[in-house]
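Architecture and fold: a report
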Amino acid sequence: MSESTSAATTEAAPDRPELKRVMGPGLLLLFVVGDILGTGVYALTGKVAGEVGGAVWLPFLCAFIVAMLTATSYLELVTKYPKAGGAAVYTHKAFGIHFLTFLLTFAVMCSGLTSASSASKAFAANFFSAVKLDPDRGALLMITALAFMALIALVNLRGVGESVKANVVLTCVELTGLLIVIGVGAWAIAGGDGDTSRLTEFHTPEGDNAFGAVTAATALAFFAMVGFEDSVNMAEETKDPVKIFPKIMLIGLSVTGVIYVLVAISAVTLVSPEDLNKGSTPLLKVIEAGAPGFPLQLFAWITMFAVANSALINMLMASRLLYGMSHEKVLPGPLGRVLHKRRTPWVAILFTTLLAFFLIGYADLTALGGTTALLLLCVFAVVNVAVLVLRRDPVEHKHFKAPTALPILGFVLCVYLASPLSGRASNDYKIAGWLMVVGVGLWALTWVLNKYVFHRKSDFDPSHIDPSGPVN
């Protein structure tokens, strides 16, 4: 272990056990890339095309820039506090306001639910394509998505520990699917079959302009870029995180950004924006148009594998967060109950599954993706402020320091994309609002019970929970 890491780890409490540092640069890079890849690009490329038209690559590029700005804030914080992970911890360190920390943590949990729900809908659509049935049957899609979420709950109840090796396999599968799309697009363009003129076409609704169309599409495309923030929770299991985190996270973001832009170019070159926006399997249409002889069922199974992994990890994290907040007496005690044999938080799992059922039944794929992006943009805005506030707290070891202009610009852009000025759909605010109302209601109920019934004081310590965000 290097001197920088040794100095950074001295802040740990003496009774806190050390995690084994097993992740080097290669595994960390796969973790970052695998965390970002997933439901966003597989399911929402068509919806983004519906917002902006043929220039679908531009919103993905803009989303990449905003994510990169916020990533510099995360890098400063994770290299400054390598023993702590997640937006909730950084917010608590910066502001020390328990209710703000709760709201941010619950927002992260809700973003996991909306992400998992969108993955369930994408899974159902690709399942019907894989078994050669009409994927546009609304009732069957809904039943399949709900059944898939119920299966996720059963797996969650049994207890699942995702390992680094499993992440490597899943990342390779997800990446393979996207590289197939890029390869098919390149082959078609080289053969003169693609229509590259679409790449500069903008779909501008009446009364709007190209800028408004791009920002509205970017607000949705941002869903595809989230996931990089999860890697900070691996700081204690990374070899010399202070040294390798900055380079690896920036490389990982850049790799995924390039992949997304190339996938978008391939998609709109082979399939018109109007057709891409129909249904929930846009990349299957790209493969069908560019390589009619390719086994579509195989690609459908690859897509299912990618989005299923996203749903499982997000539901695991959501139930774990509720369990952690209950353990800290910030949410009702029953949410912290665990199965005797399996030691899994069964009440929290059932509660999050019921919320996911509601989201699947109430919201469409676009609204779920948009709500996920909205919640995380709000979280990222707070992190961009927290990094500046925490500069009043110097540490002895050297760490990455973001140029001051980057967190400021990141904050402004995150707030703008989260606001109605970006053209964000009103449904995003409705869904996010109701989810936060549920959270605040649970918090208020707990406060009343603790104060007047159990006479207990909440000592909410967010470092005891794992505030991981959605995996795309």
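In short, a report on the structure.

**Focus: the overall build of the chain**
What the chain contains, in helices and strands, is 17 helices and zero strands. Within the chain, the fraction of its 472 residues that count as buried is 56%. Partitioning the contacts of the chain with sequence separation of at least 6, the portion at a separation of at least 24 is 84%. As displayed, the chain has an accessible area near 19000 Å², and 66% of this comes from carbon and sulfur atoms.

**What to know about helix α16 (residues 405–418)**
For the α-helix, the turn length of 3.6 residues means that residues three or four positions removed from each other point alike. If you check α16, its first and last C-alpha atoms are 20 Å apart, about what 14 residues at 1.5 Å a residue would give, namely 20 Å. Of the positions making up α16, those classed as buried are Pro407, Gly410, Cys414, Leu417 and Ala418. Down the axis of α16, the smallest arc covering the buried residues is 100 degrees, so these residues share one side.

**Things to note about a nonpolar patch on the surface**
A cluster of nonpolar side chains, Ile408, Phe411, Val412 and Val415, forms an exposed patch at the surface whose accessible area comes to about 310 Å². In this fold, Val412 is placed in helix α16.

**Description of the side chain of Ser419**
Along the chain, Ser419 falls in the loop between α16 and α17 (426–453). Assessed through its relative accessible area of 15%, Ser419 is described here as buried. If we ignore the near neighbours within four places in the chain, the residues touching Ser419 are Arg424 and Tyr429.

**Quick word on the packing of aromatic side chains**
All told, the structure shown has 14 aromatic pairs when counted by the stated rule. Between the aromatic rings of Phe358 and Tyr362, the centroid separation amounts to 5.3 Å while the plane-to-plane angle is 10 degrees, which identifies the pairing as stacked. Here Phe358 pairs with Tyr362, and both are found in helix α14 (residues 346–362), just four residues apart, close to one helical turn. Taken together, the ring pairs connect Tyr74, Tyr90, Phe222, Phe228 and Phe380 into an aromatic cluster. A cation sits over an aromatic face here: Lys93 above Tyr81, 4.6 Å from the ring centre.

Calculation rules
- Residues numbered from 1 in each chain as written.
- Predicted model: local features only at pLDDT ≥ 70, side-chain atom pairs only at ≥ 80, totals over all residues.
- Heavy atoms only, no water.
- Helix = DSSP H or I, 4+ residues; strand = E, 2+ residues; numbered from the N terminus.
- Buried < 20%, exposed > 50% of the residue type's maximum accessible area, 1.4 Å probe, protein only.
- Contact = heavy atoms within 4.5 Å.
- Areas by Shrake-Rupley, 256 points an atom, 1.4 Å probe, with all protein chains shown as cover.
- Expected span 1.5 Å × (residues − 1).
- Arc of directions from axis to C-beta.
- Patch = residues over 30% accessible without salt bridge, like charges linked within 9 Å, V, L, I, M, F, W, Y side chains within 5 Å.
- Salt bridge = Lys/Arg side-chain N within 4 Å of Asp/Glu carboxyl O.
- Phe/Tyr/Trp six-rings, centres within 6.5 Å; stacked < 30°, edge-to-face > 60°.
- Lys NZ or Arg CZ within 6 Å of the ring centre and 35° of its normal.

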